[in-house]
Amino acid sequence: MPVRETIGIIDFGSQYSQLIARRVRESHVYSELLSPQVTPQQLRELGVRGLILSGGPASVYAAGAPTCARGVLEMGLPVLGICYGMQIACQLLGGQVQAGQTREYGRVRLRVTQPADVLAHLAPEVNVWMSHGDVVTQVADCFESLATTSGCPVAAVRHKSLPVFGVQFHPEVSHTPDGEQIIRNFVYDICGCQGDWRVQSVIESAVATISEQVGPEERVICGLSGGVDSSVTAALVHRAIGDRLVNIFVDNGLCRRREAELVAITFRDHFGMDLRVVDARDRFLTKLAGVLDPQQKRQIIGHEFIEVFKQEAKSIAGARFLAQGTIYPDVIESGHGPTGHAAVIKFHHNVGGLPAVLGFELVEPLRNLFKDEVRLVGEALGLPETLVWRHPFPGPGLAVRIAGEVTADRLELLRSADEILLEELHAAGWYRKVAQGFAVLVPVSSVGVMGDGRSYEGQHLIVIRLVESKDFMTADWVHIDYGVLATISNRIINEVHGVNRVAYDVSSKPPSTIEWQ
């Protein structure tokens, strides 16, 4: 039996499955993902208080589509099906699902016909986020409809005798304003949870797990980048095993300006941790020469990262473990969810295969956390605010913020533009209002005016990307003050040689990703 109340999430391969878990934890109730093959007996042994059936990319009527046992729905445990999960529940209990005449993607107006149970406390009409092509065309007599949309006549349901509910929309995403209320209705009112999960319990659990995993004479190597995730990982491991942690910072030449210096000051000088800095700048740039494909860039960087680690690890006696700052979005976007059904959005060089290749056992204390949860852990561990609230930075660094070939000149140009952007965000008080902000270099020549004549001196376009997001699974572009944006643009054009045009990215995730590549 678990020591804390738990909501299980049966994962059918949705890109949002981990986000559902995060929303439940926001309500101070622990949640974890489960395989569709989980049995009623296993659920009883786990002692879960309720189940949420996730969305998924398949059609429930397709051959080989993931499903769960009908007995899971009939054991008396509260169940909430979301999108594909609602369709599965309705199909297993006698309903029909077919391709809809119209697809619904994005914000849709929901008409609540019965504001009770999971839809309690909602207005008669609310906005919700839809992402589906199939619909429940017929429900069994044991179900009744709770809500409709113009394109979906059965948008929410409840079973008449079992505590089984379903919504066709996605309450877990921030684009459904009342989604948090719906999750709380299910977790508290229907499942009867009290809310005993707090960030301190995450720290205690992680430290205990690391202490148990790592023997008293063994050492752990941490791949430290200076970002939030690896920094919090290092702090957790250091709290668990002290000076048996060895941090390695690989300077691959793809970092922001003065990155290596900042890492050294923070971890070696301030925290007194063992830090080894490896200068591998020339090695990485040589391997990336002439490479244009972004996935190939990631694979090359990942391979070289492994080779550098192998070489440095030989000098660390007793090192059997590798600590990484892998978090939930990394795992999902790399297609490494518990079901294996999730699509690969992009490859993360720190997800999948590294321990076997390096010969280390993996320590990943943040693997089940989202970015905002990681920040809360960092604050509780006493890490400085400037580090905890630092904007995310991709593992492959600036290489995936340069469209086309990565060269020393292009890296320097992008560093300069990126530095100006961050300076102005701080100066204008916008840095903490932005979840992630960065510059992208696009090697496109455009005409400009230099003096009194036309000029094609500008060989590069700089695109500014600023997003707001709580979870980094969904994000929207920031409606930043035009004056601040103008200052950023003017400084980049005037101070960065080779740039005569700056653009602002106004696309959201989905359908775009936050990073360009």
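Right above here is the structure, for reference.
Residues numbered from 1 in each chain as written. Predicted model: local features only at pLDDT ≥ 70, side-chain atom pairs only at ≥ 80, totals over all residues. Heavy atoms only, no water.

Asker: Report on the pattern of salt bridges, specifying residues and quantitative values.
Answerer: In the structure shown here, the tally under the stated rule is 31 salt bridges. Measuring nitrogen to oxygen at the nearest pair gives 3.2 Å for the salt bridge that ties glutamate 125 to arginine 109. Here glutamate 125, found in strand S6 (residues 125–138), pairs with arginine 109, found in strand S5 (residues 96–112); they are 16 residues apart in sequence, far enough to count as distant. A salt bridge links aspartate 251 to arginine 281; its shortest N-O distance comes to 3.9 Å. Of the two residues, aspartate 251 is situated in strand S11 (residues 245–251) and arginine 281 in helix H9 (residues 281–288); the sequence distance between them amounts to 30 residues. For aspartate 251, a relative accessible area of 14% corresponds to the buried category. (Salt bridge = Lys/Arg side-chain N within 4 Å of Asp/Glu carboxyl O. Helix = DSSP H or I, 4+ residues; strand = E, 2+ residues; numbered from the N terminus. Buried < 20%, exposed > 50% of the residue type's maximum accessible area, 1.4 Å probe, protein only.)

Asker: Which residues make up the pairing of strand S10 (residues 219–223), and what values do they have?
Answerer: Pairing geometry for S10 and strand S13 (residues 319–323), over 4 bridges, is parallel. Across the sheet, residue cysteine 222 finds its bridge partner in S13, namely alanine 323. As defined by bridge partners, S10 adjoins S11 across 4 bridges and the pair is classed as parallel. Opposite glycine 223, over in S11, you have isoleucine 248 as the bridge partner. (Pairing = 2+ DSSP bridges.)

Asker: Can you lay out helix H7 (residues 228–241) for me, pointing to particular residues and giving the numbers?
Answerer: Between its first and last C-alpha, H7 extends 20 Å over 14 residues, near the 20 Å set by a 1.5 Å rise per residue. Burial of H7 is extensive: 12 of the 14 residues sit out of reach of the surface. Every buried residue of H7 is accounted for by Val228, Asp229, Ser230, Ser231, Val232, Thr233, Ala234, Ala235, Leu236, Val237, Ala240 and Ile241. (Expected span 1.5 Å × (residues − 1).)

Asker: So what's going on with the packing of aromatic side chains? Which residues, and what values?
Answerer: Taken as a whole and judged by the stated rule, the model has 4 aromatic pairs. Measuring from ring centre to ring centre gives 5.3 Å for phenylalanine 12 and tyrosine 84, while their planes differ by 55°; the resulting arrangement is tilted. On the criterion of sequence distance, the pair formed by phenylalanine 12 in the loop between strand S1 (6–10) and helix H1 (17–26) and tyrosine 84 in helix H4 (residues 84–92) is long-range, its members being 72 residues apart. Plain terms: the ring middles of tyrosine 30 and tryptophan 197 are 6.4 Å apart, the flat faces sit at 45° to each other, and that makes the pair tilted. Within this pair, whereas tyrosine 30 is found in strand S2 (residues 30–34), its partner tryptophan 197 is found in the loop between helix H5 (179–190) and helix H6 (199–213), the two being separated by 167 residues in sequence. Residue class for tyrosine 30 comes out buried when judged on its relative accessible area of 14%. Geometry around phenylalanine 438 places arginine 401 over its ring, the cationic atom sitting 4.0 Å from the centre. The cationic tip of lysine 433 hangs over the ring face of tryptophan 430; the distance from NZ or CZ to the ring centre is 4.6 Å. (Phe/Tyr/Trp six-rings, centres within 6.5 Å; stacked < 30°, edge-to-face > 60°. Lys NZ or Arg CZ within 6 Å of the ring centre and 35° of its normal.)

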